[in-house]
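What follows is each chain in one-letter form.
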Amino acid sequence: MGKVTATTAPLFFQSKLLCISLLYLFTTLFLAFYHSLSPTKCLFRSSPFDPIQPPLFSYPPSYGEHKYAIPTDRSSCSSPVFFSDYGTVVEEIHNLCKNSSAFLPALRYLQGKSESFGGNLNTQKRISYFNYSNNGIKVPCGFFKNFPVSNSDQIAMETCNGVVVVSAIFNDHDKIRQPIRVGSKTLETVCFFMFVDDITLEGLYYHKLIPPNSPDYKIGVWRIVKVSSKKLYDNPAMNGVIPKYLVHRLFPNSKFSIWIDAKLQLMVDPLLLIHSLVVSTNTDMAISKHPFYVHSMEEAMATARWKKWLDVDSLTRQMETYCENGLQPWTPAKLPYTTDVPDSALILRKHGLGSNLFSCLLFNELEAFNPRDQLGFAFVRDGMNLKLKLNMFEVEVFEQIVVEYRHNLKKLGNSEATPQRTKRETHKYFFLNGSSCHKYLLEMWGESHS
């Protein structure tokens, strides 16, 4: 009978084949994990294995902090954001925060007393500060009344000397949401402050999120700061723009800040965001473009149409004031500014001269008219003689940095009243016939023949 002989590959080839198979397996797993962190390829990390802290707080089910998320439908990304290695970012921002000269020259502020927190300045007085020169001039920037917080909160705000993340809830309008994917060393450099009023505080007591009669409140990463809002503005939204735009004054020793509307949940470590969107781009401020509008007047029309501000006559006066004082529709001549309308729910700042001056001047406009900050954004930005270095990133990036939720909803039977959105507005809601904005409107719609 014949002998059956089994042939096998040499040991060298077996080892090589095994190595190739293992390399393929680990590469596939790496890419799958990487893709899970960046589902639309808008956020690129140099290492997806950065040390991430576990969840920072557990809410009772009754609080419902993750109800009513707003879905997004963008499946691709044309302008991805690249993040450096987490350890490198932590070290670089730590060194920047120790180098005070990187944030000079410092802006000086006008002092005084007034019945209004912002000083109630007239139009010409406000505009006179647009022509800023660094010759010791003092700029009005709120605080003509005391900001009513406790002494312990005031001390904590002044001792935050790195990066501060700030939000606010007035009139119990939103939920407190914890940031996720926070790096293991981030809380050594980053402070989180949430400003609330009495009504919001009552809701936090009701859900047993904070103990009653405690001198200091904390929920997860957020230090809760009670503001006696009765001593400020009647409008809760106007009280909210104090920490939104005067963050550099509330936190005088902080070097960078992130404002995040309470309707948003932060999905990326704040140090990575500051480094990628502000430090690496060498800008004063980073803010998302508006998803629909390019011109300030479009936003004003939408504000009137969807009743975001009910006094339409005052909106008309506001826009006519801006037109009379030089506001122009967006054109390529305004580049590198790519739009006149931001989505101001997320603002990242370096606390330097340009950002601080812009924030002061815009706050003065908000007090003069209304808290709709998108309306005066381009008027202040374009009118300043000190040009703001601005990074206006794409909406698709914004939607990966944060998750947006609806405000606390009032149920109407079994339905929920939610405003619709539109891509283009008409000017039938404004009485602008013969007004100073007539030329603006013609140019905005491309009907000017001059």
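For the structure given in this document, a descriptive report is provided here. (Residues numbered from 1 in each chain as written. Predicted model: local features only at pLDDT ≥ 70, side-chain atom pairs only at ≥ 80, totals over all residues. Heavy atoms only, no water.)

### Some details on the packing of helix 11 (residues 353-368) against helix 12 (residues 373-383)
In a packed pair of helices, the relevant descriptors are the angle between the two axes and the axis-to-axis distance.
Then, in step 1: Two elements in contact, helix 11 and helix 12, have axes whose closest approach is 9 Å; the angle formed by their N-to-C orientations is 130 degrees. One way to sum up the angle between helix 11 and helix 12 is to call them oblique. Between helix 11 and helix 12 lies a crossing whose hand is right-handed. Along the contact surface, helix 11 presents F358, L361, L362, E365 and L366, while helix 12 presents D373, G376, F377, F379, V380 and R381.
Then, in step 2: Its residues assigned to classes, the contact of helix 11 with helix 12 shows 7 nonpolar, 1 polar and 3 charged. (Axes fitted to C-alpha atoms, helices over the stretch in contact; angles between N-to-C directions. Helix = DSSP H or I, 4+ residues; strand = E, 2+ residues; numbered from the N terminus. Parallel < 35°, antiparallel > 145°, perpendicular 65-115°, else oblique. Left-handed = near helix turned anticlockwise from the far one by under 90°. Contact = heavy atoms within 4.5 Å. Nonpolar A, V, L, I, M, F, W, Y, C, P; charged D, E, K, R; others polar.)

### Focus: the state of the cysteines
Then, in step 1: Applying the stated criterion across every chain yields a total of 3 disulfides.
Then, in step 2: Paired by a disulfide, C141 and C360 hold their sulfur atoms 2.1 Å apart. Disulfide C141 to C360: torsion about the S-S bond roughly -75 degrees, handedness left-handed. With C141 in the loop between strand 4 (138-139) and helix 4 (151-158) and C360 in helix 11, the pair connects residues that are 219 residues apart, well separated along the chain. Of the two residues, C141 and C360, both sit in the buried class.
Then, in step 3: Bridging C160 to C191, the disulfide has an S-S length of 2.2 Å. Residues C160 and C191 share a disulfide whose torsion about the S-S bond is about 110 degrees; that sign makes it right-handed. Here C191 lies in strand 6 (residues 190-196) and C160 lies in the loop between helix 4 and strand 5 (163-169), a separation of 31 residues in the sequence.
Then, in step 4: In this structure C191 comes out as partly exposed when scored by relative accessible area, which is 21%. (Disulfide = S-S within 2.5 Å. Buried < 20%, exposed > 50% of the residue type's maximum accessible area, 1.4 Å probe, protein only.)

### Some points on helix 5 (residues 198-206)
Then, in step 1: Inspection of helix 5 places T200, L201, G203 and L204 among the buried residues, and these make up the whole buried set. The buried residues of helix 5 occupy an angular sector of 155 degrees when projected down its axis, which confines them to one face. Turned more than 90 degrees away from the buried face of helix 5 sit E202 and Y206, all of them exposed. (Arc of directions from axis to C-beta.)

### Notes on the packing of helix 9 (residues 296-305) against helix 12
Then, in step 1: Where helix 9 contacts helix 12, the two axes come as close as 9 Å, and the packing angle between them is 165 degrees. Judged by the inter-axis angle, helix 9 sits roughly antiparallel to helix 12. Crossing angle aside, the handedness with which helix 9 passes helix 12 is left-handed. From helix 9, S296, E299, A300 and T303 reach across to helix 12, where they touch Q374, L375 and A378.
Then, in step 2: Residues of the contact of helix 9 with helix 12, tallied by class, amount to 3 nonpolar, 3 polar and 1 charged.

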